[in-house]
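Here are the chains, one letter per residue:
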Amino acid sequence: MIIQRVVLNSRPGKNGVPVAENFRMEAAPLPDKITDGQVQARTLYLSVDPYMRCRMNEDTGSDYLLPWQLSEVADGGGIGVVEESKHANFAKGDIVTSFNWPWQTKVILDGRLLQKLDPQLVDGHLSYFLGAAGITGLTSFLGIKEKGHVTQGANQTMVVSGAAGACGSLAGQIGRLEGCSRVVGICGTDEKCSILVSEMGFDAAINYKKGNVAEQLHELCPAGVDVYFDNVGGDISDAVINQMNQNSHIILCGQISQYNKDVPYPPPLPPAVEEIQKARNITRERFLVLNYMDKHEASILQLCQWIKEGKLKVKETVVKRLENIGGAFQSMMTGGNTGKQIVLISE
């Protein structure tokens, strides 16, 4: 059987911005028969995420991420439907997911790497399992629960950078649901700011490309900042930390402004900002959602309940067809979309 797949065509360089041409689509054979323990599935959805930028380097800079190899198929979060199974846990027609789904139209996978999904949990919106009801939602929810120290009735102010992205757009809403009294987002266009306030329930949003971020933060967070969900790092985070209160907390989700730079993760703060962090006893700990596997199932159920109740609004940018996945990746890394970036492979 001949299938289509997408491989890493070239590396952008540690400091380079990825482009669609870093990927290449090609035809490849898929074995006609599967062996015991294997599952053949047709790919439905693939996820593109900022962390994948690290996987484009020869050295990911992380002990839990393996680099993609040149001319080898890329992989990431994916969802598919089982077409043939020789694994006891799966049958034809089952909807399954994996963190390491190859970017191919059809796949053969070890059944031990797959998880069966219940479409009813998301009212049939299967792509949500790659976003709000998947690893993205878990990152936002558990980041706030484990590192945010949000307390009902404590009148806390939360700031979210990268607020229109997959994690950020959820984090602000979850912060509110968990008890924050004021939520302010930072993003890159007026349109995104408008969506955050009118659709996502943020109290206010700052376009960092317009005006002085520090001045706007001071105006919009008169009581200071208690919780900072940091998706970007860099100058924006420095401005937020300057406004943070004593004993406040930074949820270190991602550092997208630093992904194209050869610096350690998490990148060090400038000396003056680090001095503020220490003097005010601001926690800034690396958060890794995979360290909380025992809490994933209950957390997914909570996220799905909020989605069904309309309390958690989901934004997706859906791109169709496998050949467009490189362009989708480039768009995400340059801030061209709102919410979770999903690629629809087949329906």
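The name an unreviewed UniProt entry assigns to the protein is Prostaglandin reductase 2, from the organism Terrapene triunguis. Reading the Sequence similarities (unreviewed entry) entry of the UniProt record for the protein gives the comment "Belongs to the NADP-dependent oxidoreductase L4BD family." Under the UniProt heading Subcellular location (unreviewed entry), the note attached to the protein is "Cytoplasm".

**Some thoughts on the sheet that holds strand β12 (residues 244-252)**
Here we have 6 strands laid out as an open sheet, ordered β10-β9-β8-β11-β12-β13, and parallel in their pairing. Among the strands making up the open sheet, the edge pair consists of β10 (204-207) and β13 (283-286). Averaged over all neighbouring strand pairs, the angle between strand axes comes to 15 degrees, with direction disregarded. Here β12 runs beside β13; their pairing, made up of 4 bridges, is parallel. Each bridged residue has a counterpart across the sheet, and for I251 the counterpart in β13 is E285. Set on the sheet, helix α6 (residues 234-242) makes contact with β8 (157-161), β9 (182-187), β11 (225-230) and β12; between it and β11 the angle comes to about 165 degrees.

**Considerations on the pairing of β9**
Counting buried positions over the 6 residues of β9 gives 5, a clear majority of the element. Bridge count for β8 against β9 is 5 bridges, and the pairing is parallel. What sits directly across from V160, in β9, is G185. Handedness of the β8-helix α3 (residues 166-178)-β9 crossover: right-handed. As paired strands, β9 and β10 are joined by 4 bridges and run parallel to one another. Its bridge partner lying in β10, I186 is registered against I206. Of the crossover connections in this fold, the one passing from β9 over helix α4 (residues 190-198) to the parallel β10 is right-handed.

**Thoughts on the UniProt feature "domain: Oxidoreductase N-terminal" (unreviewed entry) in the protein**
According to UniProt, the feature "domain: Oxidoreductase N-terminal" (unreviewed entry) maps to residues 5-116 in the numbering used here. Secondary structure content for residues 5-116 is 4% helix and 42% strand, while the C-alpha to C-alpha distance between its ends is 23 Å.

**Concerning the packing of aromatic side chains**
Considering all chains together, one arrives at 6 aromatic pairs under this definition. An angle of 75 degrees between the planes, with centres 5.6 Å apart, marks the rings of F141 and W306 as edge-to-face. Here F141, found in helix α2 (residues 135-148), pairs with W306, found in helix α8 (residues 296-309); they are 165 residues apart in sequence, far enough to count as distant. The rings of F23, W68, W103 and F329 are connected pair by pair, giving a single aromatic cluster.

**Section: helix α5 (residues 213-220)**
Every buried residue of α5 is listed here: V213, L217 and L220. An end-on view of α5 places all buried positions within 75 degrees of arc, on one side of the element. Opposite the buried face of α5, by more than 90 degrees, sit the exposed residues E215, H218 and E219. Looking at the buried side of α5, the elements it contacts are β8, β9, β10 and α6. The N-capping residue of α5, defined by a side-chain oxygen 2.9 Å from the backbone nitrogen of A214, is N212.

**Observations regarding the environment of S346**
Along the chain, the position of S346 falls in the segment after β15 (340-344). Classification of S346 by relative accessible area gives buried; the value is 18%. Separated by 215 residues in the primary sequence, S346 and G131 place their C-alpha atoms 18 Å from one another. Separated by 3.0 Å, the side chains of S346 and R42 make a polar contact.

**Considerations on the state of the cysteines**
Counted by the stated rule, this structure contains 0 disulfides. Free of any disulfide, C187 has its nearest neighbouring cysteine sulfur in C193, separated by 3.5 Å. Summary of cysteine pairing: C304 is not part of a disulfide, and the nearest cysteine sulfur, belonging to C167, is at 16 Å.

**Concerning the domain arrangement of the protein**
Along its sequence, the protein is organised into domain 1 (2-131 + 315-344) and domain 2 (135-290). Just the C-alpha atoms count here: the centres of domain 1 and domain 2 sit 28 Å apart. Of the residues lining the interface, 25 residues belong to domain 1; the matching set on domain 2 comes to 19 residues. In total, about 1700 Å² of surface goes out of reach between domain 1 and domain 2, with carbon and sulfur atoms giving 55% of it. Across the contact surface, domain 1 and domain 2 share 1 salt bridge. One salt bridge connects K315 with E199, and the closest N-O pair in it is separated by 3.5 Å. On the surface where domain 1 and domain 2 come into contact, there are 5 residue pairs in polar contact (both at pLDDT 80 or more). The residue makeup of the side of domain 1 that touches domain 2, split by class, is 10 nonpolar, 9 polar and 6 charged.

**With respect to unusual backbone geometry**
Note: most residues except glycine have negative phi, and most peptide bonds are trans. Even without a glycine there, the phi angle at S71 is positive, about 65 degrees. For S71, the position within the fold is in the loop between α1 (52-55) and β4 (75-85). Unusually for a residue other than glycine, R321 sits at a positive phi of about 80 degrees. Residue placement: R321 occurs in the loop between β14 (316-320) and α9 (325-333).

What counts, and where the lines are drawn
Throughout, residues of each chain are indexed from 1 in the direction in which the sequence is written. Only residues with pLDDT of at least 70 get local features here, since the model is predicted, and only at 80 or more are side-chain atom pairs given and counted; chain-wide, interface and lining totals rely on the full set of residues. Calculation of side-chain values draws on the structure's entire complement of heavy atoms; hydrogens and water are dropped beforehand. UniProt positions are given in the numbering used here, feature names are shortened, and annotations may be inferred rather than shown by experiment. Pairing between two strands requires that DSSP report at least two bridges joining them. The helix count covers DSSP runs of H or I at least four residues long, the strand count covers runs of E at least two residues long, and both are numbered beginning at the N terminus. Axis angles are defined between N-to-C directions and span 0 to 180 degrees, where every axis is a line fitted to C-alpha atoms and, for a helix, only to the segment in contact. The contact rule is simple, with two residues in contact once any of their heavy atoms fall within 4.5 Å. Categorising residues by exposure relies on relative accessible area from a 1.4 Å probe, with only protein chains included: less than 20% of the type maximum marks a residue as buried, more than 50% marks it as exposed, and the intermediate range marks it as partly exposed. When the strands point away from the viewer, a crossover counts as right-handed if the route from the first strand across the helix to the second turns clockwise. Note on aromatic contacts: the rings of Phe and Tyr and the six-membered ring of Trp form a pair at centre separations within 6.5 Å, being stacked when their planes are under 30 degrees apart, edge-to-face when over 60 apart, and tilted otherwise. The directions from the helix axis to the C-beta atoms form the arc being described. Two N or O atoms count as a polar contact when they lie within 3.5 Å, although within protein this holds only if one can serve as hydrogen donor and the other as acceptor, and sequence-adjacent residues are included solely when both atoms are side-chain atoms. Counting rule for disulfides: a pair of cysteine sulfur atoms within 2.5 Å. In this entry, domain limits derive from an automatic or database-based domain assignment. Buried area is calculated as the accessible area (1.4 Å probe) missing from two parts once they are joined, with the contributions of both summed. Salt bridge, as applied in this entry: a Lys or Arg side-chain nitrogen positioned within 4 Å of an Asp or Glu carboxyl oxygen. When residues are sorted by character, Ala, Val, Leu, Ile, Met, Phe, Trp, Tyr, Cys and Pro go into the nonpolar class, Asp, Glu, Lys and Arg into the charged class, and all the rest, Gly among them, into the polar class.

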